Amino acid sequence: CGYTKRTHLIFSYKGKNVLKKADLPYKQENEGTSHLYRLVLKPDNTVRVEIDEEKVYEGSIKEDWEVLKPKEGGIVHHR
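Residue numbers restart at each chain and count upward from 1, following the sequence in its written direction. With pLDDT at 70 or above as the cut-off, local features in this predicted model cover only qualifying residues; side-chain atom pairs require 80 or more to be listed or tallied, and sums for whole chains, interfaces and linings still use all residues. Computation of side-chain values: all heavy atoms of the structure, hydrogens and water removed.

K.L.:
Report on the sheet that holds strand β3 (residues 37-41), specifying residues and quantitative values.
P.N.:
With antiparallel pairing, three strands are arranged side by side in an open sheet as β3-β4-β5. Of all the strands in the sheet, just β3 and β5 (54-60) have a single pairing partner and so form its edges. Adjacent strand axes in the sheet meet at a mean angle of 15 degrees when their direction is disregarded. By the bridge criterion, six bridges tie strand β4 (residues 46-51) to β5 in an arrangement that is antiparallel. For T46, the partnering residue across the bridge sits in β5 and is S60. Paired strands, in this sense, are two strands between which DSSP finds at least two bridges. Helix and strand labels come from DSSP, where a helix needs a run of H or I of at least four residues and a strand needs a run of E of at least two; each type is numbered from the N terminus. Between N-to-C directions, angles cover 0 to 180 degrees, with each direction set by a line fitted to C-alpha atoms, over the stretch in contact for helices.

Below, the structure written as structure tokens:
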């Protein structure tokens, strides 16, 4: 994206744009051609990203985006 030579992956969550913590590979160096980007969002909150049908990322929304607030650290008592 622009001059930073990185591929941004952003989710819109509760009205805010949340950027993926780590960059994806930049696939447009000196090519001047179009590329097919595919994002697959699975029901278990995992994500797969492909560029030109090549997998470049597979992981978890929970681990790689700050979309879910950390749970409060309290002690739970079961009776």
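K.L.:
With reference to specific residues and values, describe the pattern of salt bridges.
P.N.:
By convention in these notes, a salt bridge is any Lys or Arg side-chain nitrogen within 4 Å of a carboxyl oxygen on Asp or Glu. Under the criterion given, the structure shown has five salt bridges. Residue R48 is joined to E50 by a salt bridge in which the shortest nitrogen-to-oxygen separation is 2.7 Å. Residue classification places E50 among the buried positions, given a relative accessible area of 10%. Taking the shortest distance from any N to any O, the salt bridge between K55 and E58 comes out at 3.4 Å. A single salt-bridge network, built from bridges that share partners, covers R38, K42, R48, E50, K55 and E58. When a residue's accessible area, from a 1.4 Å probe over protein chains only, is under 20% of the maximum for its type it is buried; when over 50% it is exposed; and in between it is partly exposed.

K.L.:
How would you explain the nonpolar core if you had to name every residue and give the values?
P.N.:
Nine residue types can take part in a nonpolar core, namely buried Ala, Val, Leu, Ile, Met, Phe, Trp, Tyr and Cys, and a core is a set of them joined through side-chain atoms within 4.5 Å. Core analysis: the largest hydrophobic core is formed by twelve residues, namely L9, F11, V18, L24, V47, V49, I51, V56, Y57, I61, W65 and V67. Listed by contribution, the elements that provide at least two residues to this core are β4 and β5. The leading source of residues in this core is β4, at three residues. Note on contacts: a residue pair qualifies if any of its non-hydrogen atoms lie within 4.5 Å across the two residues. Excluding residues within four positions of it along the chain, I61 makes contact with F11, L41, N45, V47 and V67.

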